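Single-letter residue listing:
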Amino acid sequence: MKGKIIKSTGSWYQVLEMETGKIFEARIRGKFKLIKTRLTNPLAVGDFVEFQLEQDDVAWITKIEQRRNYLIRKSVNLSKEAHIIASNIDVACFIFTLKHPETSLGFLDRFLACCEAYNIEPLLLFNKMDVLNEPEIELVKDIEFVYQDIGYNTLEISSYSQLNLNDLQELLKDRTSVFFGHSGCGKSTLVNALQPGLNIKTSEISDTHLKGKHTTTFAQMHFWNFGGNVIDTPGVREFAMIDIEKEEVQHYFPEIFRKRKECKFHNCMHINEPKCAVLDALETGEIQETRYSTYIKLMEEAEELFQK
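**Q** I would appreciate a short explanation of the overall build of the protein chain in the present structure.
**A** When helices and strands are tallied, the protein chain shows seven helices and 13 strands. Across the 308 residues that make up the protein chain, the buried fraction comes to 51%. When contacts within the protein chain are restricted to residue pairs at least 6 apart in sequence, long-range pairs at least 24 apart make up 62% of them. Of the roughly 15900 Å² of accessible surface on the protein chain, a fraction of 48% belongs to carbon and sulfur atoms.

Written out as structure tokens, the structure reads:
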């Protein structure tokens, strides 16, 4: 039998049987060797699998189909291991909040680099626009312009005022999407706003640190009435890029990759080489310092992983 993983708690899974639409509780039989880097989870929400039924309609997963793509994060307590957040994604939505909680541009840039690396279309959602004053709204628009200029799609939204939610539905219709962002950025509230009646649990922002509390503790797929589905995920603190060499990192920053053709040396790493077009663009502001800083950090991390 063939199915799709729609919920993962770590030890048990829910599998949606493709032909009948019936949902089975499932477990893993045997070991899955997915990618050469060690993973904390052999299966992720979005995976297509083969399974067989035994007594009491318990499903045993016997095979995982090859993934079209996936997004991955570093494990919280295991620095050398990684955790696949979701797989077989059509569009990955990054939920950016200027405050309550504040989203760093470095975190956003890591997400975008992962999308580029694993061939996933990103969509930047600037959430909680209803709580911003005029200068803050202008700052969001400035940030939007930077990322639109690179080539990314953006949308300003609010779950409470319903700002642009109809437009967002059209962008998500009949597609598998996934919502990412810090805890408290409004992922679950947004899912509830787009699909009234789901009543996914949400929580308030901590007044002490202005950070979100972890409400979603496992990944789960929800189905839209307007077509398609979304994978709701726990708050993510850091994305990982695995099995990537430092020379490849520039491929995942479109504005750097475009500029590299103008560099004097074809193997330019854009650090301190002479007549580097990327460094020149950094000086003129054509390439943002925050983006370049993340590029350098990812190269350093790739080098460290290579040496281990």
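**Q** Where do I start with the confidence of the model for the protein chain in this structure?
**A** Parts of the model with low pLDDT should not have their predicted coordinates read in detail. Counting all residues, the mean pLDDT for the protein chain is 87, and 87% of those residues have values of 70 or more. Every residue in residues 204-216 is under pLDDT 50, and counting partners more than four places away or in other chains gives 29 contacts.

**Q** Whenever I open this one, the pairing of strand β5 (residues 59-64) confuses me. Can you help?
**A** In the case of a regular strand, side chains alternate between the two sheet surfaces. Sheet topology note: the strand β3 (residues 23-28)/β5 ladder contains three bridges and is parallel. Within β5, the residue paired with A26 across the bridge is A59. Where strand β4 (residues 48-53) meets β5, five bridges bridge the pair, whose relative direction is antiparallel. In the strand pairing of β5, Q52 is matched with W60. Linking β4 to β5, which pair antiparallel, is a turn of five residues; within it D56 sits at a positive phi near 65 degrees.

**Q** Please explain unusual backbone geometry as it appears in this structure.
**A** Phi is mostly negative for residues that are not glycine, and the peptide bonds are mostly trans. A cis amide bond, omega 0 degrees, links H100 with the succeeding residue P101. Looking at the element boundaries, P101 is found in the loop between β8 (91-96) and α1 (105-117). Positioned with a positive phi, N88 is a non-glycine residue whose angle comes to about 55 degrees. Its location among the elements puts N88 in the loop between β7 (82-87) and β8. The class for N88 is buried, based on a relative accessible area of 8%. For K128, which is not a glycine, the phi torsion comes out positive at approximately 60 degrees. Structurally, K128 is set in the loop between β9 (121-126) and α2 (134-150).

**Q** In this structure, what is going on with the nonpolar core? I would like to understand it.
**A** In summary, soluble globular proteins display a tendency toward joint burial of nonpolar side chains. Grouped together as the largest cluster of nonpolar side chains are 74 residues, with contacts concentrated most on I61, L71, A92, F111 and L124. Broken down by element, this core gets its largest block of residues, seven residues, from α1. With residues up to four places along the chain from it excluded, the contact list for F111 reads L71, A92, C93, F94, P122, L124, F180 and F239. Counting 20 residues, the second largest nonpolar core, distinct from the first, contains L172, C185, L194 and V230.

**Q** I would appreciate a short explanation of the packing of aromatic side chains in the present structure.
**A** The description of an aromatic ring pair uses the distance of the two centres, along with the angle that the planes make with each other. Counted under the stated rule, the structure contains ten aromatic pairs. A ring pair is formed by F24 and F51, whose centres lie 5.7 Å apart and whose planes are at 50 degrees; its orientation type is tilted. Of the two residues, F24 sits in strand β3 while F51 sits in strand β4, which places them 27 residues apart along the sequence. Residue classification places F24 among the buried residues on the basis of a relative accessible area of 5%. Ring geometry for F179 against W224: centres 6.4 Å apart, planes inclined by 40 degrees, an arrangement best described as tilted. In this pair, F179 sits in strand β11 (residues 176-180) while W224 sits in the loop between β12 (219-223) and β13 (229-232), placing the two residues 45 residues apart along the sequence. Classification of W224 by relative accessible area gives buried; the value is 5%. An aromatic cluster is built from F94, F107, F111 and F180, whose rings are joined through pairwise contacts.

**Q** I would appreciate a short explanation of the side chain of K128 in the present structure.
**A** Assessed through its relative accessible area of 16%, K128 is described here as buried. From its side chain, K128 meets the backbone oxygen of H100 in a polar contact 2.4 Å long.

What counts as what
- Residues numbered from 1 in each chain as written.
- Predicted model: local features only at pLDDT ≥ 70, side-chain atom pairs only at ≥ 80, totals over all residues.
- Heavy atoms only, no water.
- Helix = DSSP H or I, 4+ residues; strand = E, 2+ residues; numbered from the N terminus.
- Buried < 20%, exposed > 50% of the residue type's maximum accessible area, 1.4 Å probe, protein only.
- Contact = heavy atoms within 4.5 Å.
- Areas by Shrake-Rupley, 256 points an atom, 1.4 Å probe, with all protein chains shown as cover.
- pLDDT = per-residue confidence, 0-100.
- Pairing = 2+ DSSP bridges.
- Core = buried A, V, L, I, M, F, W, Y, C linked by side-chain atoms within 4.5 Å.
- Phe/Tyr/Trp six-rings, centres within 6.5 Å; stacked < 30°, edge-to-face > 60°.
- Polar contact = N/O pair within 3.5 Å; in protein donor to acceptor, adjacent residues only side chain to side chain.

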